[in-house]
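A look at the structure
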Amino acid sequence: CPTWSATLTPRKIALLVVAATCVCAAAGLAALELYFRATFRLHPPIAQDDPDTIYALRPGRVVRDHSPGDFDVEYRINSLGARDDPFGAQKSPKTLRVLGMGDSYTFGVGVAHDESFLEVLEKDLKQHLNKNVEVLNFGVSGWGTAHELAFMQKRGLALHPDLILADMMMPVMS
């Protein structure tokens with residue numbers, strides 16, 4: 001009866017090393033997948049693939065998001081894919097319409113709809129201008145300038161905004 005070590009040729013050892021490496025890599029990738037799914041703020045049910053911006057908010061979705069001890073909020077996406085109250089694609093002639101675009105700060109991750117900075121801006125403009133104002137919240141977590149530009153060109157301008165507000169976060173350099 002040959003010993004176990006005598007049956008291990010250099011080729012078999014190489015195959016075992018490759019197999020063990022693949023198993024370890026797969027386990028590591030699975031752990032990373034679970035980590036990112038658990039911590040990534042943009043929940044899959046609220047987003048969808050988009051041919052122009054890669055991904056966008058899914059119209060008509062309602063999603064609850066919470067961070068224990070920090071926030072518990074509900075996100076409502078309207079029929080045009082904005083985290084906003086319903087509004088029409090056509091604006092009335094006497095309405096000032098502001099198109100807001102940006103990332104998770106613009107979207108308002110962790111805050112109620114009426115606490116997002118675009119909603120606060122809308123209320124302040126209505127009060128100070130004494131006219132009908134719509135500030136549309138097309139913020140999407142993870143969006144950057146290229147996403148915003150693509151959205152503006154393909155769909156944003158069709159909403160006939162009087163003003164476009166693009167929120168851009170600059171990296172902090174130390």
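So, here is what we can say about the structure in this document. (Residues numbered from 1 in each chain as written. Predicted model: local features only at pLDDT ≥ 70, side-chain atom pairs only at ≥ 80, totals over all residues. Heavy atoms only, no water.)

**Digging into the nonpolar core**
In terms of nonpolar packing, the biggest core is built from 21 residues, with Ile-46 and Phe-138 touching the most fellow members. Mapped by element, the contributors of at least two residues to this core are β2 (54-57), β4 (71-76), β5 (96-102), β6 (133-139) and α4 (145-156). Discounting chain neighbours no more than four positions away, the residues touching Phe-138 are Leu-80, Gly-81, Ala-82, Phe-87, Leu-99, Gly-100, Met-101, Gly-102, Trp-143, Phe-151 and Leu-159. (Core = buried A, V, L, I, M, F, W, Y, C linked by side-chain atoms within 4.5 Å. Buried < 20%, exposed > 50% of the residue type's maximum accessible area, 1.4 Å probe, protein only. Helix = DSSP H or I, 4+ residues; strand = E, 2+ residues; numbered from the N terminus. Contact = heavy atoms within 4.5 Å.)

**Points about the pattern of salt bridges**
One pass over the structure, following the stated rule, counts eight salt bridges. With a closest N to O distance of 3.2 Å, Asp-72 and Arg-64 form a salt bridge. We note a salt bridge from Arg-64 to Glu-74, for which the minimum N-O separation is 3.9 Å. One end of the pair, Arg-64, is in strand β3 (residues 62-67); the other, Glu-74, is in strand β4, with 10 residues separating them in the sequence. Overall, Glu-74 belongs to the partly exposed group, its relative accessible area being 33%. In this structure, a network of salt bridges that share partners links the residues Arg-64, Asp-72, Glu-74 and Arg-76. (Salt bridge = Lys/Arg side-chain N within 4 Å of Asp/Glu carboxyl O.)

**Quick look at the pairing of β4**
Residues Phe-71, Val-73 and Tyr-75 of β4 are buried on one face, while the alternating residues Asp-72, Glu-74 and Arg-76, pointing to the opposite face, are not. The pairing of β3 with β4 spans six bridges and is antiparallel. The partner of Arg-64 across the bridge, within β4, is Glu-74. Once β3 ends, the chain turns through three residues before running back antiparallel as β4, passing Gly-69 with a positive phi of about 80°. (Pairing = 2+ DSSP bridges.)

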